[in-house]
Amino acid sequence: MDLKQLYQDIILEHGKSPRNLGKCEGYNHEAKGYNPLCGDKIHVYLKLNNGKKVENLTFEGEGCAISLASASIMTESVKGKSFVEAIEIMNAFLNMVKNTSEIQSNYLDNDQKTKLMSLSGVKQFPMRVKCATLSWHTLSSAIEGKKDEVNTEIID
Amino acid sequence: MPTAEVITFNESIKFMESIGKNNLIEHEKAITNYALEKLRKINSVKIIGNPKNKAGVIAFTIKGIHPHDIATILDEDGVAIRAGHHCCQILHEKLNLTATARASIGIYNTKDDIDVLCKAIENCRKIFDLK
């Protein structure tokens, strides 16, 4: 098991300085997520415009480097995508982090793919998979307009 | 019926009694004090809780590194600690702490273990580029 695979520079950087932090103006979807085992907390704010495009995606949260980096990279990868593309990217990420080594998506450019794949090291550290997926499950909850807080002990 | 647990418990009691209560206390105190002394010298490490009679349970934080990350990195260096709320979320909320790391000391721990713990913490700080 290689720590360098897990704590790559991209992750340390995004973990220290997450992008798209805060409450975006005019958000019309939101959801909260929580990992009760370690205290990772996230609040996702999403603005879907009339054409169902992700006009803006931001978050507030506190937690480990993995959870913050994942949330940060998520906002960079999903912002500006259509609703359908966002869902595809979400599923592709969840699949990669648990199963495959490469992210299989039609809607990501190479830079976005590289950043997302920096989180693939989490596979070797099963306890940390939930840290990486929390923000994505929370985004899914925001898109679906679910009221309950996402809890990592209940989701997969 | 938790048979294995009952048998193990019996053996544990025999083990502890063979060492003797006073020796157990002395040993735990000595290693704990050694640990506190060394940890306090590390920049950005904060020991949580400073009671007069401190048992061999050391909750700590490292500024800039979440306990979950500390635990993963220490684990790779062969040091097992716990990270999270340790079943006291309310106290963590009161102290305004997201989570803490916790190193516990037992009869089987030695000063060498503490040296390894401190070295692993330095490694952790290096990975996160802390000064």
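For the structure, see preceding data.
None of the values given here were measured: they were computed from a predicted structure.

Rules used in this analysis
- Residues numbered from 1 in each chain as written.
- Chains lettered and ligands numbered in written order.
- Predicted model: local features only at pLDDT ≥ 70, side-chain atom pairs only at ≥ 80, totals over all residues.
- Heavy atoms only, no water.
- Helix = DSSP H or I, 4+ residues; strand = E, 2+ residues; numbered from the N terminus.
- Buried < 20%, exposed > 50% of the residue type's maximum accessible area, 1.4 Å probe, protein only.
- Contact = heavy atoms within 4.5 Å.
- Areas by Shrake-Rupley, 256 points an atom, 1.4 Å probe, with all protein chains shown as cover.
- Lys, Arg positive; Asp, Glu negative; His and termini not counted.
- Charge placed at Lys NZ, Arg CZ, Asp CG, Glu CD.
- 1 Å grid on protein atoms, 1.4 Å probe; cavity = no way out; pocket = protein on both sides within 12 Å on 5 of 7 lines; lining within 4 Å.
- Points joined across faces, edges and corners; volume = space filled by probe spheres on them.
- Nonpolar A, V, L, I, M, F, W, Y, C, P; charged D, E, K, R; others polar.
- Buried area = accessible area lost by both parts, 1.4 Å probe.
- Salt bridge = Lys/Arg side-chain N within 4 Å of Asp/Glu carboxyl O.
- Polar contact = N/O pair within 3.5 Å; in protein donor to acceptor, adjacent residues only side chain to side chain.
- Pairing = 2+ DSSP bridges.
- Core = buried A, V, L, I, M, F, W, Y, C linked by side-chain atoms within 4.5 Å.

Here we come to the overall build of chain B. A count of helices and strands for chain B gives five helices and four strands. Reading the helices (α) and strands (β) of chain B from amino to carboxyl end gives α-α-β-β-α-β-α-β-α. Expressed along its principal axes, the backbone C-alpha trace of chain B runs to roughly 45 × 30 × 30 Å. Scored against the burial criterion, the 131 residues of chain B give a buried share of 37%. In chain B, 60% of the contacts between residues at least 6 apart in sequence involve partners at least 24 apart. If you sum the accessible surface of chain B, you get close to 8,300 Å²; carbon and sulfur atoms cover 55% of it. Positive and negative charge centroids in chain B, built from 18 and 16 side chains respectively, lie 9 Å apart.

Turning our attention to empty space enclosed by the protein. Residues and elements named next belong to chain A. Using the criterion set out here, one finds one cavity of 30 Å³ or more in the structure. In this model, the largest cavity occupies a volume close to 50 Å³. Elements that contribute at least two residues to the lining of the largest cavity include exactly strand S2 (40-48), strand S3 (54-62), helix H3 (65-78) and helix H6 (129-144). Residue composition of the lining of the largest cavity, by class: six nonpolar, two polar and three charged.

Turning next to the interface of chain A and chain B. In this complex, chain A contributes 21 residues to the contact, which on the side of chain B involves 15 residues. A combined buried area of about 1,400 Å² lies between chain A and chain B, and 59% of that area is made up of carbon and sulfur atoms. Contact with chain B buries surface across chain A, with Leu 3, Tyr 7 and Cys 38 of chain A losing the most and accounting together for 33% of the total. Between Asp 69 of chain B and Arg 128 of chain A there is a salt bridge whose closest N-O contact spans 2.9 Å. Our enumeration of links across chain A and chain B arrives at six residue pairs in polar contact (both at pLDDT 80 or more). Secondary structure elements with two or more residues in the side of chain A that touches chain B: helix H1 (3-6), helix H2 (9-16) and H3 of chain A. Of the residues in the side of chain A that touches chain B, the class split is 15 nonpolar, two polar and four charged.

This brings us to the sheet that holds S2 of chain A. Residues and elements named next belong to chain A. On the basis of which strands lie adjacent, the open sheet formed by four strands has the order S3-S2-S1-S4 and mixed pairing. The sheet is open, and its two edges are formed by S3 and strand S4 (150-151), each paired on a single side. Alignment of strand S1 (residues 29-35) against S4, held across two bridges, turns out to be parallel. Opposite Gly 33, over in S4, you have Val 150 as the bridge partner.

Residue and element names in this part refer to chain A. Counted according to the given criterion, the structure contains 12 salt bridges over all chains. Between Arg 19 and Glu 76 there is a salt bridge, and its shortest N-O distance comes to 3.8 Å. Of this pair, Arg 19 sits in the loop between H2 and S1 while Glu 76 is found in helix H3, placing the two residues 57 residues apart along the sequence. For Arg 19, a relative accessible area of 25% corresponds to the partly exposed category. Among the salt bridges present, the one from Glu 153 reaches Lys 130, with a minimum N-O distance of 3.5 Å.

The next point concerns the nonpolar core. Within the largest apolar cluster, 73 residues are counted, with the highest numbers of intra-cluster contacts made by Ile 66 of chain A together with Ile 81 of chain B. Leaving out residues up to four positions away in the same chain, Ile 81 of chain B has contacts with Phe 60, Ile 70, Ala 71, Leu 74, Ala 101, Arg 102, Ala 103 and Leu 117 of chain B.

In this structure, the largest pocket occupies an estimated 520 Å³ of space. Breaking the lining of the largest pocket down by element, the ones donating at least two residues are helix H3 (67-76) and strand S3 (82-84) of chain B. Top contributing element to the lining of the largest pocket by residue count: H3 of chain B, with four residues. Each residue belonging to the lining of the largest pocket can be placed in one class, and the counts come to 11 nonpolar, seven polar and four charged. In this structure, the second largest pocket encloses a volume near 430 Å³. In this structure, the second largest pocket is lined by 22 residues; those nearest its centre are Gly 63 and Leu 68 of chain A together with Gly 64, Ile 65 and His 66 of chain B. For the lining of the second largest pocket, the secondary structure elements donating two or more residues are H2, S3 and H3 of chain A together with strand S2 (57-62) and H3 of chain B.

Everything listed is a geometric property; what it means functionally is a separate question.
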